[in-house]
Amino acid sequence: MITAIAPLLGEGHPDRSFRNPESSLKTSVDSVERLVQQAREAGINAEFPANALPFFAKAVEAGYGNEEVSAIFEVLRISSASKQSLA
């Protein structure tokens, strides 16, 4: 579905290289953590950033921390493939 809506997001880069980002995935993890904290402190719904944060963290743990945010799709592909193999 993502590739139908936004092909570049679904496919990443043609060579699947996410190197030399302007902002790294590691930086994005810090930002999402702050979004969760700020939302909770403000008493607004933190559901979206709180649910997204584990995927960002998994991508950093998988070694994509210094690459661009699009590298998160590598982790999403693995998660999706695992769920499909269980079905």
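Heads up: these notes are all about the structure in this document. Computed from a prediction, not measured in an experiment: that's the story for all the values here. (Residues numbered from 1 in each chain as written. Predicted model: local features only at pLDDT ≥ 70, side-chain atom pairs only at ≥ 80, totals over all residues. Heavy atoms only, no water.)

1. A closer look at the overall build of the protein
Right, on to step 1. A tally of helices and strands in the protein yields five helices and zero strands.
Right, on to step 2. Each helix and strand of the protein, placed in order from N terminus to C terminus, yields the pattern α-α-α-α-α.
Right, on to step 3. In the protein, buried positions account for 30% of the 87 residues.
Right, on to step 4. A sequence separation of at least 24 residues applies to 60% of the contacts in the protein between residues at least 6 apart.
Right, on to step 5. For the protein, the accessible surface area stands at approximately 6,200 Å², while carbon and sulfur atoms represent 56% of it. (Helix = DSSP H or I, 4+ residues; strand = E, 2+ residues; numbered from the N terminus. Buried < 20%, exposed > 50% of the residue type's maximum accessible area, 1.4 Å probe, protein only. Contact = heavy atoms within 4.5 Å. Areas by Shrake-Rupley, 256 points an atom, 1.4 Å probe, with all protein chains shown as cover.)

2. Quick look at the packing of helix α3 (residues 25-42) against helix α4 (residues 47-64)
Right, on to step 1. Closest axis-to-axis distance for the α3/α4 pair is 9 Å, and the angle between their directions is 160°. One element, α3, and the other, α4, form an angle in the roughly antiparallel class. Every pair of crossing elements has a handedness; the one defined by α3 and α4 is left-handed. Across from Leu25, Lys26, Ser28, Val29, Val32, Glu33, Leu35, Val36 and Arg40 in α3, the residues of α4 making contact are Pro49, Ala50, Leu53, Phe56, Ala57, Ala59, Val60 and Tyr64.
Right, on to step 2. In the contact of α3 with α4, the residues fall into 13 nonpolar, one polar and three charged. (Axes fitted to C-alpha atoms, helices over the stretch in contact; angles between N-to-C directions. Parallel < 35°, antiparallel > 145°, perpendicular 65-115°, else oblique. Left-handed = near helix turned anticlockwise from the far one by under 90°. Nonpolar A, V, L, I, M, F, W, Y, C, P; charged D, E, K, R; others polar.)

3. Some remarks on α3
Right, on to step 1. Compared with an ideal rise of 1.5 Å per residue, which puts 18 residues at 26 Å, α3 spans 25 Å between its outermost C-alpha atoms and is within 8% of the ideal.
Right, on to step 2. Looking at α3, one finds that the buried residues are Leu25, Ser28, Val29, Val32, Val36 and Ala39. Summarising the axial view, the buried residues of α3 lie within an arc of 110°, below the 170-degree limit, and thus occupy one face. Turned more than 90 degrees off the buried face of α3, the exposed positions are Glu41 and Ala42. (Expected span 1.5 Å × (residues − 1). Arc of directions from axis to C-beta.)

4. Things to note about the nonpolar core
Right, on to step 1. Core analysis: the largest hydrophobic core is formed by 10 residues, namely Leu25, Val29, Val32, Ala52, Leu53, Phe56, Ala59, Ile72, Phe73 and Val75.
Right, on to step 2. Where this core is concerned, the elements lending two or more residues are α3, α4 and α5 (72-86).
Right, on to step 3. Top element by residues in this core is α4. It accounts for four residues.
Right, on to step 4. Every residue in contact with isoleucine 72, bar those within four places of it in the chain, is listed here: Phe55, Phe56 and Ala59. (Core = buried A, V, L, I, M, F, W, Y, C linked by side-chain atoms within 4.5 Å.)

5. Concerning the environment of glycine 63
Right, on to step 1. Position of glycine 63 among the secondary structure elements: in helix α4.
Right, on to step 2. Its relative accessible area of 52% is what places glycine 63 among the exposed residues.
Right, on to step 3. Taking C-alpha positions, glycine 63 is 10.0 Å from leucine 25, a pair spaced 38 residues apart along the chain.

Function-wise, these values are silent; they only describe arrangement.
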